[in-house]
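Here's the letter readout for the chains.
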Amino acid sequence: MEGGTRLENANPLIFQRSGERQLTTEEEDEEFADPIDDREIFDILLTINDPEHPLSLEELNVVEQVRVRVSDNDSTVSVEFTPTIPHCSMATLIGLSIKVKLLRSLPERFKIDVHITPGAHASEQAVNKQLGDKERVAAALENSHLLEVVNQCLSSRT
């Protein structure tokens, strides 16, 4: 955080990273068309940074593989995320970062649903409404400052 702003959750619980998935011979074979699965989506989300802490969303347990649902046949991806505190003011930004990462990583055929884990946030319905509204998401991404913050969440930390 910049300028001495107080962190909402100054001492978050930190979880162990899941590690890299071992690829099968079929997954490595470019000739073999394997469907996109939950773990592949989770792997995409592993590198997203928290906007407040120098940690990934995985390390803060904001994203978990068990909260990712994929149907390759129906071209749908659903991701639930759990903010570290019930009044997290960064929840919409975190959800937007997840959505943008998936939009940039997946084929256009996929419908992407990103929402807060039920009961995990005080403004769950309002945040989910914003994240589910294509026009609001598009308008948010037209804001250069907000897009810069999202890109920071999606960039590699050194």
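Residues numbered from 1 in each chain as written. Predicted model: local features only at pLDDT ≥ 70, side-chain atom pairs only at ≥ 80, totals over all residues. Heavy atoms only, no water.

Our next topic: the pattern of salt bridges. What the rule picks out here adds up to five salt bridges. Salt-bridge contacts for Glu 80 lead to Arg 67; the nearest nitrogen and oxygen are separated by 3.3 Å. Linking Glu 80 in strand 2 (residues 76–81) with Arg 67 in the loop between helix 2 (38–45) and strand 1 (68–71), this pair joins segments that are 13 residues apart in sequence. For Arg 136, the salt bridge identified is with Asp 133, shortest N-O distance 3.9 Å. (Salt bridge = Lys/Arg side-chain N within 4 Å of Asp/Glu carboxyl O. Helix = DSSP H or I, 4+ residues; strand = E, 2+ residues; numbered from the N terminus.)

Quick look at the side chain of Arg 39 now. Within the fold, Arg 39 resides in helix 2. With relative accessibility at 15%, the residue Arg 39 sits in the buried group. (Buried < 20%, exposed > 50% of the residue type's maximum accessible area, 1.4 Å probe, protein only.)

For Ser 56, the location among the structural elements is in the loop between helix 2 and strand 1. Note: C-alpha distance between Ser 56 and Leu 154 (98 residues apart in sequence) is 9.8 Å.

Moving on, we come to the sheet that holds strand 1. Taken in spatial order, the three strands of this open sheet run 1-2-3, and their pairing is mixed. Every other strand in the sheet has two partners, leaving strand 1 and strand 3 (111–116) as the edge strands with one partner each. Shown here is a sheet whose adjacent strand axes are inclined to one another by a mean of 10 degrees, direction ignored. Bridge count between strand 2 and strand 3: six bridges; the pairing is parallel. Bridging across to strand 3, Val 79 finds its partner in Val 114. On top of the sheet, helix 2 reaches strand 1 and strand 2; it is set at about 125 degrees to strand 1, its chief contact. (Pairing = 2+ DSSP bridges. Axes fitted to C-alpha atoms, helices over the stretch in contact; angles between N-to-C directions. Contact = heavy atoms within 4.5 Å.)

What follows is about the environment of Pro 54. Along the chain, Pro 54 falls in the loop between helix 2 and strand 1. Here Pro 54 falls in the exposed class, since its relative accessible area comes to 69%. Considered as a pair, Pro 54 and Cys 153 are 99 residues apart in the sequence and their alpha carbons are 9.9 Å apart.

For the rest of this paragraph, the subject is helix 2. Every buried residue belonging to helix 2 is among Arg 39, Ile 41, Phe 42, Ile 44 and Leu 45, and all of these are buried. Contact partners of the buried residues in helix 2: strand 1, strand 2 and helix 3 (91–105).

These values are about where atoms sit, not about what they do.
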